[in-house]
Amino acid sequence: MKLSKRWLPAHVLVWSYAVLLIVPLYYFLASAFKTNDEIFAHPFALPTSFGFGNFRTAFDSADLGLAVVNSALVTVLALVVTLALALPAAFALARSTGRLASLVEQVFSLGFLIPTFAALFPTFLLAAATGLFHTRTFMVLFLPATAMPLSVVILVQFMRTIPREMEEAARMDGASTYAVLRHVYVPMCVPGIATVLLLNFLTFWNEYLYSLVIIGPDPAQRTVQVALPTLRSITGTDYGVLTAGTILTLVPVWIVYTVLQRRMQQALVSGAVKM
């Protein structure tokens, strides 16, 4: 009884926070099956029907199918480039102890201080100068640059927890530097890699400003975040259709989050058992 009373305030706070999350989520999901009149007249009532008319309208009006493909293409390729650059950089910094390595790590950390909008105009000029303006290719190359500070800092901290004896054992077996990174550091940094993938996926998928400026509103190339606002019209917005379109864009995020979260938990549990 004493223990339960002690934890009572914590339970109250947790359930209060859960209610604050569940109520807007319910309103959001219910609105996707309603018309504008139903949303404004009975905002928290259950939908009268659970038809997928709003979802079909949103999918066809904004051409969300092609937009999802474009977003997936840009996001996946940008994640591959990010890992291809961040893993070797973090490996070199984690194994180095000199002042130069410390300085380079601090330079990466300074990337957090650069506001997103501050680099918009230079990025626009760079895209125009390279001839990649209004292309998805530039976004595939640009997004990893924005993710490098966070990715390198996270991976460096994970790699520093790996005992040096494991690298020395691999060296005695004739492993090269690349082999040490691939067969020793990468498998033991799966939680860090999953964290980097998850955080960067959310950032890349939800990126709007640079996608709008660089890629533009071309239906053949625009990403899902640029296509979604086209569901709004000058005469009036169908909030049921807009909500349904938003849900369609969140499904890939939910799938990736679920998969990476489980992988991360499995890696952490297996690491704890080995220790």
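A quick note: this is a predicted structure, and the numbers were derived from the prediction, not measured.

The rules behind these values
- Per chain, residue numbering runs from 1 following the sequence as it is written.
- Totals for whole chains, interfaces and linings use all residues, but because this is a predicted model, local features are given only for residues with pLDDT of at least 70 and pairs of side-chain atoms are given and counted only at 80 or more.
- No hydrogens and no water enter the side-chain calculation; it runs on all heavy atoms of the structure.
- Patch rule: a residue counts if its relative accessible area is over 30% and it has no salt bridge; like charges are joined within 9 Å, and nonpolar side chains (Val, Leu, Ile, Met, Phe, Trp, Tyr) within 5 Å.
- Areas reported as accessible are Shrake-Rupley estimates using a 1.4 Å probe. Residue values count occlusion only from the protein chains shown.
- Definition used for salt bridges: Asp or Glu carboxyl oxygen within 4 Å of a side-chain nitrogen of Lys or Arg.
- Strands are runs of DSSP state E lasting at least two residues, helices are runs of H or I lasting at least four, and both sets are numbered from the N terminus onward.
- For the exposure calls, accessible area comes from a 1.4 Å probe over protein chains only, and a residue counts as buried if that area is under 20% of its type's maximum, exposed if over 50%, partly exposed in between.
- Here the nonpolar core consists of buried residues drawn from Ala, Val, Leu, Ile, Met, Phe, Trp, Tyr and Cys, with membership extended through side-chain atoms lying within 4.5 Å.
- Residues count as neighbours in contact if any of their non-hydrogen atoms are within 4.5 Å of one another.
- In this description, one arc is meant: the one made by directions from the helix axis to the C-beta atoms.
- UniProt positions are given in the numbering used here, feature names are shortened, and annotations may be inferred rather than shown by experiment.
- Between the N-to-C directions of two axes lies an angle of 0 to 180 degrees, each axis being a line fitted to C-alpha atoms and, for a helix, fitted only over the stretch in contact.
- Angular relationships are summarised with four words: roughly parallel below 35 degrees, roughly antiparallel beyond 145, roughly perpendicular across 65 to 115, and oblique for the angles in between.
- Whether a crossing is left-handed or right-handed is set by the direction in which the near helix is turned from the far one by less than a right angle, anticlockwise for left-handed and clockwise for right-handed.
- The pLDDT value expresses, per residue, how confident the predictor is, ranging between 0 and 100.
- Here a polar contact means two N or O atoms within 3.5 Å. Within protein one must be a hydrogen donor candidate and the other an acceptor candidate, and residues neighboring in sequence count only if both atoms are side-chain atoms.

Caption draft 1: A look at a nonpolar patch on the surface. Nonpolar side chains collect at one region of the surface, where Val19, Val23, Tyr26, Tyr27, Phe44, Leu46 and Phe50 lie side by side and expose about 680 Å² of accessible area between them. Relative to the elements of secondary structure, Val19 occurs in helix α1 (residues 2-31). Here Val19 falls in the partly exposed class, since its relative accessible area comes to 46%.

Caption draft 2: Representation of the nonpolar core. If you look at the biggest cluster of nonpolar residues, it comprises 27 residues, and the most contacted ones within it are Leu64, Met139, Phe142, Leu143, Phe204 and Leu231. When contributions to this core are tallied by element, the ones reaching two or more residues are α4 (64-95), α7 (136-159), α10 (190-206), α11 (209-215), α12 (224-227) and α13 (239-274). For this core, the leading source of residues is α7, giving six residues. The residues touching Met139, leaving out its near neighbours within four places in the chain, are Val74, Pro144, Glu207, Tyr210, Ser211, Ile214 and Ile215. Grouped together as the second largest cluster of nonpolar side chains are 24 residues, Leu87, Ala89, Phe91 and Val196 included.

Caption draft 3: Looking closely at helix α3 (residues 53-61). Residues of α3 that are buried: Asn54, Phe55 and Ala58. All buried residues of α3 fall inside an arc of 100° around its axis, so they share one side. Exposed and oriented more than 90 degrees from the buried face of α3 are Arg56 and Asp60. Directly after α3, the chain includes Asp63, whose backbone phi takes a positive value near 50°.

Caption draft 4: Expanded view of the UniProt feature "transmembrane region" (unreviewed entry) in the protein. Within the UniProt annotation, "transmembrane region" (unreviewed entry) is assigned to residues 12-29, 72-95, 107-132, 138-159, 180-202 and 239-260. Taken end to end, residues 12-29 comprises 100% helix and 0% strand; its first and last C-alpha atoms sit 26 Å apart.

Caption draft 5: Structural context of the packing of α4 against α10. With their axes 10 Å apart at the nearest point, α4 and α10 run at an angle of 140° to one another. Of the possible angle classes, the one that applies to α4 and α10 is oblique. Considering how the two elements wind past one another, α4 and α10 form a crossing that is right-handed. Of α10, the residues touching α4 (which contributes Val68, Ser71, Ala72, Thr75, Ala78, Leu79, Thr82, Leu83 and Leu87) are Ile193, Val196, Leu197, Asn200, Phe201, Phe204 and Trp205.

Caption draft 6: Looking closely at the confidence of the model for the protein. Averaged over every residue, the pLDDT of the protein is 86; the share at 70 or more is 92%. Mean pLDDT values for the elements of the protein range from 75 in α13 up to 93 in α4. Under a pLDDT of 50 for its full length, residues 270-275 has, in the predicted model, zero contacts with residues more than four places off or in other chains.

Caption draft 7: Quick peek at the side chain of Thr82. On the secondary structure map, Thr82 appears in helix α4. A distance of 2.7 Å separates a polar side-chain atom of Thr82 from the backbone oxygen of Ala78. Setting aside chain neighbours within four positions, we find Thr82 in contact with Pro144, Ala147, Met148, Ser151, Asn200 and Phe204.

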